[in-house]
Amino acid sequence: MQETPQQYTQRILAQLEGQQPLKVQAGTAKKLDRLIKKASSAKLRKRPAPGKWSVGEILAHLSDTEIAVAWRIRQILGSPGTQLQAYDQDVWAAAGRYEKRDPRKSLEMFRAVREGNLTLLKSLAPEQWKQHGIHAERGVETIEHIVGLMAGHDINHTKQVERIVTAKKS
């Protein structure tokens, strides 16, 4: 059974376990880089199980998600209360040919966009963190909430990458 948007939000936010979202976000690219540094290209492209993403596909997903979130945050800042379109990550993975992307280039793009997002977020006035958009599936989301969600998303996928790269050959 597929989880609801509310169940997804709860599961992802639970990953934070009291950690500071901006601190988590600031460290994600380096953690991922350390995890994949010694992994072969074949290891990064191998799916751990049928229907599960490879490390390369996870990194492409993180990169595209960071771009989507960059746009959402800027939409909210420019037009508080704006509608935020949802997207189907599996459709994006297929259309974007995640399995063909260079994992290290995906990580570099993620790092660059994340750096820009963090610079923007650190410049916000306290009241701007409370501005919100209306997500098509999850409802009202403040910038503060989105930042927490993305930090939890980082932790979730970093754990997946770690499990895959440290798994012994079967």
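Look a little higher up for the structure.
Thresholds, definitions, all that
Residues numbered from 1 in each chain as written. Predicted model: local features only at pLDDT ≥ 70, side-chain atom pairs only at ≥ 80, totals over all residues. Heavy atoms only, no water. Salt bridge = Lys/Arg side-chain N within 4 Å of Asp/Glu carboxyl O. Helix = DSSP H or I, 4+ residues; strand = E, 2+ residues; numbered from the N terminus. Buried < 20%, exposed > 50% of the residue type's maximum accessible area, 1.4 Å probe, protein only. Axes fitted to C-alpha atoms, helices over the stretch in contact; angles between N-to-C directions. Parallel < 35°, antiparallel > 145°, perpendicular 65-115°, else oblique. Left-handed = near helix turned anticlockwise from the far one by under 90°. Contact = heavy atoms within 4.5 Å. Nonpolar A, V, L, I, M, F, W, Y, C, P; charged D, E, K, R; others polar. Pairing = 2+ DSSP bridges.

**What about the pattern of salt bridges?**
With the rule as written, the count across this model stands at ten salt bridges. Here E66 makes a salt bridge to R114, at a shortest N to O gap of 2.8 Å. Pair noted here: E66 is in helix 4 (residues 55-78) and R114 is in helix 6 (residues 103-123), with a separation of 48 residues, a long-range link. By relative accessible area, R114 is classed as buried at 3%. Within the structure, one salt-bridge network assembled from shared partners comprises E66, R114 and D154.

**Notes on the environment of H132**
In this fold, H132 is placed in strand 2 (residues 132-135). Spatially, the C-alpha atoms of H132 and I143 are 6.0 Å apart, while their sequence positions differ by eleven residues.

**A word on the packing of helix 4 against helix 6**
How two helices sit against one another is set out by the angle between their axes and by the gap between those axes. Two elements in contact, helix 4 and helix 6, have axes separated by 8 Å at closest approach and are oriented at 25°. One finds that helix 4 runs roughly parallel with respect to helix 6. Judged by the twist between their axes, the crossing of helix 4 over helix 6 is left-handed. Of the residues in helix 6, those in contact with G56, L59, A60, L62, S63, D64, E66, I67, A70, I73, R74 and L77 of helix 4 are P103, S106, L107, M109, F110, V113, R114, G116, N117, L120 and L121. Split by residue class, the contact of helix 4 with helix 6 holds 14 nonpolar, five polar and four charged.

**Side note on the sheet that holds strand 3 (residues 139-142)**
Taken together, three strands build an open sheet; the order of strands is 1-2-3 and the sheet is mixed. This sheet does not close on itself; its edge strands, each paired only once, are strand 1 (83-84) and strand 3. Note: strand 1 against strand 2, two bridges, orientation parallel. What sits directly across from L84, in strand 2, is H135. Running over the sheet, helix 7 (residues 143-166) touches strand 1 and strand 3 and is turned about 85° from strand 3.

Read these as layout, nothing more, since geometry by itself doesn't imply function.
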